[in-house]
Amino acid sequence: MDLWNIFDKEWIPVGVWVETALQWVVANFRFIFQAIKVPFDLVLTALEDGLTEAPDLLVLALIVLIAWQAGGRKLGIISAICMTAIGLMGAWEESMTTLSIVLTCVVFCSLIGIPLGVLAAKRNRFWMVLQPILDLMQTIPSFVYLVPIVMLFSIGNVSGVIVTFIYALPPVVRLTNLGIRQVRPDMVEAARAFGASNRQTLYKVELPLALPTIMAGVNQTIMMALSMVVVSSMISVTGLGQMVLRGIGRLDMGLATVGGLGIVFLAIVIDRVSQSFGQSSRARNHQKWYETGPVGAVRTLVRK
Amino acid sequence: MSDAQIECRDLWKIYGKRSDEAMKAVLSEGLTKDEVRDRYGCVLGVRNASFSVKKGEIFCIMGLSGSGKSTLVRHVNRLIEPTAGEIHVAGKRVDTMGEDALRQLRAETIGMVFQHMALWPHRTLGENVGFGLEVRGVPLEERRKSAETALGAMELSGWIDHYPDQLSGGMQQRVGLARALAADPEILLMDEPFSALDPLIRRQLQDQFLSLSEHMHKTTLFITHDLDEAIRMGDHIAIMNDGEIVQIGTPEEIVTNPVDDYVADFVKGISRVGLVRAETIMEPLDGREGTPKQVRADAELGEIIDKFMEDQSPVTVTNPENAPVGLITIKAALTALRG
Ligand SMILES: Nc1ncnc2c1ncn2[C@@H]1O[C@H](COP(=O)(O)OP(=O)(O)OP(=O)(O)O)[C@@H](O)[C@H]1O
Ligand SMILES: [Mg+2]
């Protein structure tokens, strides 16, 4: 053997180990992973069916109304322009698929991430364990876990949601943890001093005060989910990402551009709307949400 | 137990992981606060404090920053767990109380006011003030009524649906007071309630609180780092230094008879005119005749000095039956004034 070039040989066969381990898991525990898919599948199918089967204009109107309610008339107009542009480019169907994947992902990230973040804020030891795991989830290139995900969950939109979920979960956990920890200690102390239990303190004081930070986390999660759209289309997830991927594959610049623009417009709308949700009522002159936007307008009309 | 509404006995608080070890060492070796910190990495918050507060009285705790005042009051509603010692509040033992009983005590018997107001910015004044009732499950209507009454007592009616950040500092602290009073508790804990306010507003709130407490008779633990304030407000004053209560007494006792240099230092700049009374500085008659210039035994120094305006002959002190009991010379009066 050539001592000077010892690294020509593979001494530690990490690849082989992983391969065998994965094979073993797939052979013995595939049913568990299939079960995990069920809730993701349910939500995704419901959203996707709703968004693609409803009349396009109805969905458009709904999106614009939600945007108007969340961020005022200006955001309503921006959303109308962006969504109409997507529709006119002929990417409506695909954008609805992508939207439902992103929304499903947000639902699960919030459902799991916010409680994890709260727990992490309350238990230092748990946070110490959780932190490196979150780092790992964010730093491993997503290409790396595409293969095991496909082997465990097979291909398709649901697997796409799961890949996206893994990639996009950390920010909401991190920022929930941060938000709860940043609540002024005397606010919490005052709640306890007036006889609130831990649970009451959490729901009535800590969560509301941490809400802007938590929503910033949700917003980041959404943006990360959107950035996974093209990557996840490699495991045959449909939607805007697939347009881009197919465009690249066939050197069809037109198709890729339409897909890309679609993602950009969708991102603008989702980003702005989710950011507006995060604004506390303090930043809006203490107007309650139902006193503004279309709901407020309807309410004043009814009052008259 | 006597008529004490709040009573703490031999209370100790040592912050930190190794508090039990540190506690043992302090008891056996009498370590100082700095030694405890260097050896065990623990902070001595309260050192062997005992005091009792009678029903209806205002008890001031005063001391420099870091002397353990906040730590001490937070034991009364057990926001802080004692390392050792007993706490009795309204006839109940607090330090061994169960979680539910403790929450009930906090919600019903004790109201608290905080230095930096600690009003919740996401809640209206009504929701802030009604919080104690809300966590006890009182229905909304009743909560609102109590909040209205409490805010009204603080001259804030009409603000009930506004938010804390729409109010000035003085108004915010009045909301803090209203919140503490909303459940009509027997006891008030006030942790430097007026320290963050500018002097004029502070004065106003002190007066408002004094007149309020005159007809409400709440037992009050009042923390301040300002001796003037302690003297104005307190029936009794406890002075703290490095976690220890170094002296407890009436304002007059503290000012005329400080136990050590630490207390004497505080007292130095305090005007005695409204504090020192005739009986404290008079000398016995010893067979001498009374003079025509007379003051009552509880007359304040200011009144006595007025008597010397015309001439410098001694002033006679009389008891409630108008019989002479002592004499004050101008020298005694001036000495008392200088302190
Ligand atoms: N949670 C804590 N952990 C550790 N040490 C603490 C904690 N809270 C207070 N201490 C320490 O206990 C001592 C007493 O603090 P405390 O807050 O009771 O003082 P204070 O008299 O209220 O001061 P101030 O006038 O600044 O409010 C200080 O040395 C402080 O550093
Ligand atoms: Mg303090």
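Data block above holds the structure.
Residues numbered from 1 in each chain as written. Chains lettered and ligands numbered in written order. Predicted model: local features only at pLDDT ≥ 70, side-chain atom pairs only at ≥ 80, totals over all residues. Heavy atoms only, no water.

What follows deals with a negative patch on the surface. A surface patch of negative charge is lined by B:Asp298, B:Glu300, B:Glu303, B:Asp306 and B:Glu310. Along the chain, B:Asp306 falls in helix α14 (residues 301-307). (Patch = residues over 30% accessible without salt bridge, like charges linked within 9 Å, V, L, I, M, F, W, Y side chains within 5 Å. Areas by Shrake-Rupley, 256 points an atom, 1.4 Å probe, with all protein chains shown as cover. Salt bridge = Lys/Arg side-chain N within 4 Å of Asp/Glu carboxyl O. Lys, Arg positive; Asp, Glu negative; His and termini not counted. Charge placed at Lys NZ, Arg CZ, Asp CG, Glu CD. Helix = DSSP H or I, 4+ residues; strand = E, 2+ residues; numbered from the N terminus.)

To continue, consider unusual backbone geometry. Residue and element names in this part refer to chain B. Here the phi dihedral of Ala90 falls at roughly 50°; this positive angle occurs in a residue that is not glycine. Secondary-structure assignment places Ala90 in the loop between β4 (84-89) and β5 (92-93). Of the residues examined, Ala90 reaches a relative accessible area of 25% and is grouped as partly exposed. Although it is not a glycine, Glu155 sits at a positive phi angle of roughly 60°. With respect to the helices, strands and loops of the structure, Glu155 is situated in the loop between α7 (140-153) and α8 (169-181). On the basis of relative accessible area, Glu155 is assigned to the exposed category, the value being 58%. (Buried < 20%, exposed > 50% of the residue type's maximum accessible area, 1.4 Å probe, protein only.)

In this structure, A:Met83, A:Met96, A:Leu226 and A:Leu266 are the most contacted members of the largest nonpolar core, which totals 67 residues. Excluding its chain neighbours within four sequence positions, the residues that come into contact with A:Met83 are A:Leu60, A:Ile63, A:Trp92, A:Met96, A:Leu266 and A:Val269. B:Ile6, B:Val53, B:Leu79 and B:Val135 belong to the second largest nonpolar core, which has 50 residues in total. (Core = buried A, V, L, I, M, F, W, Y, C linked by side-chain atoms within 4.5 Å. Contact = heavy atoms within 4.5 Å.)

Residue and element names in this part refer to chain B. As a matter of local geometry, ligand 1 sits amid Tyr15, Lys33, Val43, Leu64, Ser65, Gly66, Ser67, Gly68, Lys69, Ser70, Thr71 and Glu192. At 2.6 Å from an oxygen atom of ligand 1 is found a side-chain nitrogen or oxygen belonging to Ser70. Burial of ligand 1 by the protein chains amounts to 61% of its free accessible area of 630 Å². Looking at which element gives the most residues to the shell around ligand 1, the answer is helix α3 (residues 69-73), with three residues. Class assignment of the residues belonging to the shell around ligand 1 gives a composition of three nonpolar, six polar and three charged. (Near = heavy atom within 4 Å. Polar contact = N/O pair within 3.5 Å; in protein donor to acceptor, adjacent residues only side chain to side chain. Nonpolar A, V, L, I, M, F, W, Y, C, P; charged D, E, K, R; others polar.)

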